Structures are given as structure tokens and as C-alpha cells.
Amino acid sequence: FASLILASFDIQFHTWRSVIASYAMAALCIPTLIVNRRGHYRLAAAILSFIVLVTLTVNVMDGDGVRDPGIMAYPIFVAVGTLFFGRRAAPYFAAAAAVSVAIVVAGELLGWIHPTIGPTRVSILIPMVTLLGTAGAIIWVIVRNMEKDLELAVASEAELSKNYDLTLEAWARVMEY
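For clarity, every value in this text was computed on a predicted model and none was experimentally measured.

For the rest of this paragraph, the subject is the overall build of the chain. For the chain, the count of helices and strands is 6 helices and 0 strands. Shown N-terminal to C-terminal, the secondary structure of the chain runs as helices and strands in the order α-α-α-α-α-α. The C-alpha radius of gyration of the chain comes to 23 Å, more than 25% above the 16 Å expected for a compact globule of 177 residues. The dimensions of the chain, computed from C-alpha atoms along their principal axes, are 90 × 30 × 30 Å. Per-residue burial over the chain gives 28% buried out of 177 residues. Residue pairs in contact within the chain that sit at least 24 positions apart in sequence constitute 62% of those at least 6 positions apart.

Set out below in C-alpha cells:
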């Protein structure tokens, strides 16, 4: 949904590469959701991470480069990627984001990107709030799922302990006879 909002927002700027990339990302999320529902969580997370990084890079390059509001998505990319894959993935996601930012900076230095920074308008809040809201929602879902898994583990441990006690009681009765 965030990708659809951002793509629709970019139409007014006539940044067609960004619009196409964002709509393509939204479309590619559908098969990724199917892969996820089939239980291939890591594969779905890897596909989604790659799609997000490519789309993010295209959007920032097609926009105002390192001055584009989309630059806010890089820390979100690292945070969400780490939540998907665990703390050991953090350096890899940080490195991927750094390479992407380096490509954007190189694009500016080589003249491929021509920032058109104008006066600040209230509409700048749309992509920023969308990115922050999306990050909050994704992190909320991931943490909620982790909490549910933890509750299941605690309940399973309690059930296992109860069964162990019952087994010991049964053995004690058998040994009495």
C-alpha cells in the first residue's frame, strides 16, 4: 500500500521511472505474499528486501538524490531487514544501503542526477509520513508475531513440564507396586 501511495504521489512530479518502479514493486508484492503464505518466509523476505532496495534506489535517483525525502527509507530498510533475518543480517543490510547511497552520490557527481530542490511545501510530509507509518506498521506486525511465538513457546514449556510431572507420578505409582 505504501508503494501505491508513493507512486501516486510521484505522478505530480512526472518522475516516471519512480512511478513505474513503485507500481512494479506493488505488483511484485503479490507473488511475494503468495510465497510467504506457502511458508517460505525467508525467501519472501529476501525477495521483498531486494525489490525494496532497487525501488528505493530508483526513486532517490529519479528524485532529488541525497536530498530526496526517500533517503529516510534507508534506515527503515536496515531496521526491517534486521527484523526479518535477525541481528546477524544488520551489517549486510547496512552495507547494501551504503552501496545504494554510494550509487546515488556517484550519480550526482557524474551528473546523472539533477536535484531540483525547490521551496519546502507541506506536501513533503506525504512521503515522509508514509515511510514512517509503513515502518511502524511492519515493525509492529513482526514484533506481534514474535510475541505470539514466545507465548506459544511458554505455553508449550508449561505443558511439557506438566506432562513430565505426570510421568514422574506415574512411575512412582508403578514402583510402589
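Within the structure shown, the criterion is met by 4 aromatic pairs. Between Phe77 and Phe93 the ring centres are 5.1 Å apart and the planes differ by 55 degrees, which places this aromatic pair in the tilted class. In this pair, Phe77 is assigned in helix H4 (residues 73-85) and Phe93 in helix H5 (residues 90-109), connecting sequence segments 16 residues apart. When the centroid spacing of 6.5 Å and the interplanar angle of 90 degrees are considered together, the rings of Phe84 and Phe85 count as edge-to-face. By relative accessible area, Phe84 is classed as partly exposed at 29%. Using a relative accessible area of 21% as the deciding quantity, one classes Phe85 as partly exposed. In this structure an aromatic cluster arises from ring pairing among Phe77, Phe84, Phe85 and Phe93.

Criteria and thresholds
Residues numbered from 1 in each chain as written. Predicted model: local features only at pLDDT ≥ 70, side-chain atom pairs only at ≥ 80, totals over all residues. Heavy atoms only, no water. Helix = DSSP H or I, 4+ residues; strand = E, 2+ residues; numbered from the N terminus. Rg over C-alpha atoms; globule rule 2.2 N^0.38 Å. Buried < 20%, exposed > 50% of the residue type's maximum accessible area, 1.4 Å probe, protein only. Contact = heavy atoms within 4.5 Å. Phe/Tyr/Trp six-rings, centres within 6.5 Å; stacked < 30°, edge-to-face > 60°.

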